[in-house]
Structures are given as C-alpha cells and as structure tokens.
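Listed here are the chains, written in short residue letters.
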Amino acid sequence: MLVECYLVDEEGEENKVEPSELKITHKTLLIIVHHDDRYIYVFKGANVSIVQKFASARRASSMRLQYAYKIRHIEEAEGMTEGDLELLAHFGGIIEDAGAPVKTAKKEAVLAKPKTLKIPPVKPLPTKKTTTIAKITTTITKKPSAKIDTKAKALEDLPPKLSKVVKTMMSLEPPEGSSCDYILAGTKLYIILGENKTDLRKGNFKLEEISTLPEGVFPAENYYPRILVANQKVLGVELWARR
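The residue numbering used here restarts from 1 in each chain and proceeds along that chain's sequence as written. For this predicted model, a pLDDT threshold of at least 70 governs which residues receive local features, and a threshold of 80 or more governs which side-chain atom pairs are given and counted, while totals over whole chains, interfaces and linings are taken from all residues. As a rule here, side-chain values cover all heavy atoms of the structure and leave hydrogens and water aside.

(A) Main features of the pattern of salt bridges. Take a side-chain nitrogen of Lys or Arg and a carboxyl oxygen of Asp or Glu: if they are within 4 Å of each other, that pair is a salt bridge. This model, assessed by the stated rule, comprises 10 salt bridges. A salt bridge links K44 to E75, with the shortest nitrogen-to-oxygen separation between them at 3.1 Å. Linking K44 in strand β4 (residues 39–44) with E75 in strand β5 (residues 70–75), this pair joins segments that are 31 residues apart in sequence. Residue classification places E75 among the partly exposed positions, given a relative accessible area of 24%. By sharing partners, the salt bridges in this structure join E173, D199 and R201 into a single network. Secondary structure elements follow DSSP: runs of H or I no shorter than four residues count as helices, runs of E no shorter than two count as strands, and numbering proceeds from the N terminus. Exposure classes here rest on a 1.4 Å probe applied to the protein chains alone. A residue is buried below 20% of its type maximum, exposed above 50%, and partly exposed in between.

As structure tokens, this is what we get:
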C-alpha cells in the first residue's frame with residue numbers, strides 16, 4: 001500500500017509522518033494520500049479544532065490539483081462507514097488518549113443518526129471587548145489617523161473592496177497580547193500569513209483566500225471578533241486570538 005500521511009496540528013501546521021508512527025485519536029486531523037486508490041482521505045477526529053479543519057481543507061484542495069485525485073472526507077463526529085474503519089485499521093485504528101483502542105469491529109456500516117445542528121447561544125462579550133468594538137466604530141467612521149504604507153506587502157494585488165478593508169485594519173491600534181489569524185470580508189474567508197500578526201499596521205502580512213471551506217457550523221471558541229465599520233456598513237470582521 002503506497003501512501004503518504006500528513007498530520008495537521010492545532011495551529012494548522014502540517015507535518016509528514018511515517019504510517020508506522022501514526023497514533024490516531026479523537027483530536028487527530030489526518031490527510032492520507034493513497035496512491036493505490038488514487039484518493040486523498042481527510043480524517044477529522046471528533047475533537048479537532050476549527051483551525052485544523054480550515055487548514056486541512058486548504059491543503060487537501062492543493063493536493064487534489066497536484067495529484068488529480070478525488071477527496072473523501074471521513075468525519076468521526078458524523079459517523080463512519082465500514083470502509084472508513086478498515087482504512088483507519090491499517091494505521092492502528094482510533095486510540096483513546098489513555099491508550100486504549102476504540103472498539104470498531106462492526107459488520108455493518110456505522111452511520112450516525114441524523115441530527116439537527118445546534119447553534120450555540122451567543123455569549124455576551126466581556127466589558128473590555130465591548131468597549132474595544134465601540135472605539136473601533138468611532139475610529140473607522142472618521143479619517144484614519146495612522147499613516148498607511150501604500151507599498152506594504154499586505155496591499156499587493158488585492159481587489160479594491162478587500163484593499164479598503166485591509167487599509168482599515170492597518171490604521172487601527174491592535175488589541176494587546178493578541179494576534180489576528182482570519183478576516184471575513186463579504187462572503188470570503190481569508191487566512192492571514194506572516195511572521196508578525198500582532199500589529200497589522202506594519203503591513204508585514206499577506207492574505208490568502210480559503211477557497212475550499214468545510215460545510216457546517218463552526219463556533220469560533222478560541223477567537224474574539226473585531227468588527228470593522230465605515231459609513232454605516234460592516235466592511236469585515238477580524239478574528240483575534242489571545243496569545
């Protein structure tokens with residue numbers, strides 16, 4: 001069986017591993033390039049993060065263009081078929097954190113019962129965060145005070161609407177002790193790439209559109225939003241993580 005295996009960690013970083021060294025748990029996001037089947041299998045454990053899902057969708061899409069293979073998503077939380085379990089069994093199956101294998105021996109396909117997606121209630125932002133959003137609204141409706149480097153790397157080859165959002169981001173004071181990973185602009189989601197994402201005013205970052213998004217509801221549990229408003233219109237939403 002000719003395969004290549006890649007693990008995507010909680011930070012969205014990809015690491016190639018040998019099949020014999022795999023340890024699949026409920027927190028594992030595993031990409032298997034199966035050259036015999038000509039398939040790219042994306043296994044998502046029940047407890048993987050939204051960052052892992054977005055990163056794997058982007059990487060699997062790139063691999064599909066590279067190899068011209070089909071993609072099959074295996075969602076532990078949604079239920080797996082007998083074929084999915086047999087594939088994972090070649091790599092030791094799913095193992096609990098304590099080290100005990102999960103029982104997977106079933107003759108029929110293991111399918112999850114249909115269920116209704118539950119959208120978690122919106123939690124009120126802490127007073128400090130609410131104050132930050134209020135300040136942002138006031139600042140954006142006025143002429144930005146910060147000087148923007150029009151030759152900054154972040155502004156290269158951007159469409160006009162997105163360029164306006166990025167210029168707004170670069171004119172604002174960054175939240176203390178945080179870094180920005182994603183930005184929502186219109187109906188598009190962009191990942192922010194760069195060495196320093198704590199101060200976007202320097203423009204030392206690039207935006208990359210996540211063209212292939214996984215379906216479903218994704219509570220951004222580890223992020224807090226910053227809303228960009230100008231002329232009574234929402235330009236975009238930044239997703240910041242405290243680090």
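There is more to say, and it comes next.
(B) Quick peek at the sheet that holds strand β6 (residues 178–185). Following DSSP output, two strands are said to pair if at least two bridges run between them. Reading across from one edge, β8-β7-β6-β10-β9 is the order of the five strands in this open sheet, with antiparallel pairing throughout. Two strands in the sheet have a free side with no partner beyond their single neighbour: β8 (206–209) and β9 (224–230). Neighbouring strand axes in the sheet, compared pairwise and without regard to direction, differ in orientation by 30° on average. The pairing of strand β7 (residues 188–193) with β8 spans four bridges and is antiparallel. Among the inter-strand pairings, L193 is bridged to a residue of β8, identified as K206. The contact definition used throughout considers only heavy atoms, calling two residues in contact when any of these lie within 4.5 Å. Lines are fitted to the C-alpha atoms to define the axes, a helix being fitted only along its stretch in contact, and any angle between axes, read from their N-to-C directions, falls within 0 to 180 degrees. Lying over the sheet, helix α4 (residues 160–170) contacts β6, β7, β8, β9 and β10 (233–242), oriented at roughly 50° with respect to β10.

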